[in-house]
Amino acid sequence: MKLLPRRPRSPERRTGTMTLLDHLEELRKRLVVVLIALAVCAVPAWFLYEPIKTLLEEPYCNFLKENPAFNPFPGECNLYFSGVIDAFSIKIRLVLYLGLAMALPVVLYELWMFIVPGLTDKERRYSVPFIASSLILFAAGAVFAYLALPRGLDFLLGFAGEGVVPILYFDRYVSFVVLVILAFGLSFLLPVLLVFLQMVGVLTPQTLGAWRRWAILAIVVFAAVITPTGDPITLAALAVPMYLFYEAAIIIGRIIRRGRTTD
């Protein structure tokens, strides 16, 4: 019995006819590139540790200056660790966080290239707008989170009242700050997610329009949960942009559908 020669992979299979094994192989390649990018970006991140640490400490130090009654050691601004290897693990963790932030363009590019085989040729031209808008929106969310930190610390650290002073551990403080920045950054990516779901046919502009009332309620609840303060100003400052992003996603979805019908 004569075996037929193995047919080389056709480039047309990348238009949506890739097998499961092809997808897994593609995913492996993308993950390898992301890990390499993270390792490369971790090198300059190591040398940026001190300025980034100072930047993260600034909201807490400002809180202590404005509220000296909550400072266990007046005139000082210190964050603490309790274990022998905590100092090393904290630095490694912060360097990895910063390296991931620096490698974010590569991460988003690899994510988009993994999704591309399921899109049409015209939709692939949205690669640059997708990556650029994701970076800009995530950065805007991260900046907003950093600006909201002082109000959050003022609310959370002062919640116990006078006579109870905080002694913050650096690893927990960094985890809190990173969690807030990540939550705000991802929430600002709402329009990118909604536009993508419309591009692949999971949602339509009509569906999003019909869900508008429930979306407003969900946005307000989500903003109330992730904002570190209980004041309505910070809540509205996050909920209003998210609602505007929701409406923008509907408009962009209609433009995309109109472009498909004219082809």
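Just so it is clear, the model here is predicted, and its values are computed rather than measured.

Undergrad: How would you sum up the layout of surface pockets? Please name residues and give values.
TA: By volume, the largest pocket amounts to about 780 Å³. Y97, A101, F138, A142 and I181 are the residues nearest the centre of the largest pocket, which is lined by 24 residues in total. The element best represented in the lining of the largest pocket is helix α6 (residues 127-157), accounting for seven residues. Classifying every residue of the lining of the largest pocket gives 23 nonpolar, one polar and no charged.

Undergrad: Quick rundown of the environment of C61? Include the residues and the values.
TA: Locating C61 in the fold gives a position in helix α2 (residues 49-66). Accessibility expressed as a relative area gives 17% for C61, which makes it buried. Taking C-alpha positions, C61 is 8.4 Å from E76, a pair spaced 15 residues apart along the chain.

Undergrad: Explain the state of the cysteines to me, and be specific about the residues and the numbers.
TA: If you walk through the whole model with that rule in mind, you get one disulfide. Paired by a disulfide, C61 and C77 hold their sulfur atoms 1.9 Å apart. Where C61 bonds to C77 through sulfur, the torsion about that S-S bond is close to -85°, and the disulfide is left-handed. With C61 in helix α2 and C77 in the loop between α2 and α3 (86-102), this pair connects stretches of sequence that are 16 residues apart.

Undergrad: So what's going on with α3? Residues and values would help.
TA: With 17 residues, α3 ought to run about 24 Å at 1.5 Å a step, and its terminal C-alpha atoms sit 24 Å apart, in line with that. For α3, every residue scored as buried is listed here: D86, I90, L94, V95, L98 and G99. Contact partners of the buried residues in α3: α1 (20-47), α2 and α7 (170-187).

Undergrad: Outline the pattern of salt bridges, supporting the account with residue identities and numerical values.
TA: Scanning the entire structure with this criterion turns up six salt bridges. Residue R28 pairs with E25 through a salt bridge whose shortest N-O separation is 2.8 Å. With R28 and E25 both in helix α1 and three residues apart, this pair spans about one turn of that helix.

Undergrad: Talk me through the environment of V107; I want residue IDs and the actual numbers.
TA: Its place among the elements puts V107 in helix α4 (residues 104-115). Counting along the chain gives 77 residues from V107 to R30, while the straight-line C-alpha distance between them is 8.6 Å. If sequence neighbours within four positions are ignored, V107 has contacts with V34 and L100.

Undergrad: Which residues make up α6, and what values do they have?
TA: For α6, which comprises 31 residues, the first-to-last C-alpha distance of 43 Å matches the rise-based estimate of 45 Å (1.5 Å per residue) to within 8%. Most pronounced at L149, the bend in α6 amounts to some 40°, and the proline P150 follows within four residues.

Calculation notes
- Residues numbered from 1 in each chain as written.
- Predicted model: local features only at pLDDT ≥ 70, side-chain atom pairs only at ≥ 80, totals over all residues.
- Heavy atoms only, no water.
- 1 Å grid on protein atoms, 1.4 Å probe; cavity = no way out; pocket = protein on both sides within 12 Å on 5 of 7 lines; lining within 4 Å.
- Points joined across faces, edges and corners; volume = space filled by probe spheres on them.
- Helix = DSSP H or I, 4+ residues; strand = E, 2+ residues; numbered from the N terminus.
- Nonpolar A, V, L, I, M, F, W, Y, C, P; charged D, E, K, R; others polar.
- Buried < 20%, exposed > 50% of the residue type's maximum accessible area, 1.4 Å probe, protein only.
- Disulfide = S-S within 2.5 Å.
- Expected span 1.5 Å × (residues − 1).
- Contact = heavy atoms within 4.5 Å.
- Salt bridge = Lys/Arg side-chain N within 4 Å of Asp/Glu carboxyl O.
- Bend = angle between axes of the 7 residues up to and from the residue.

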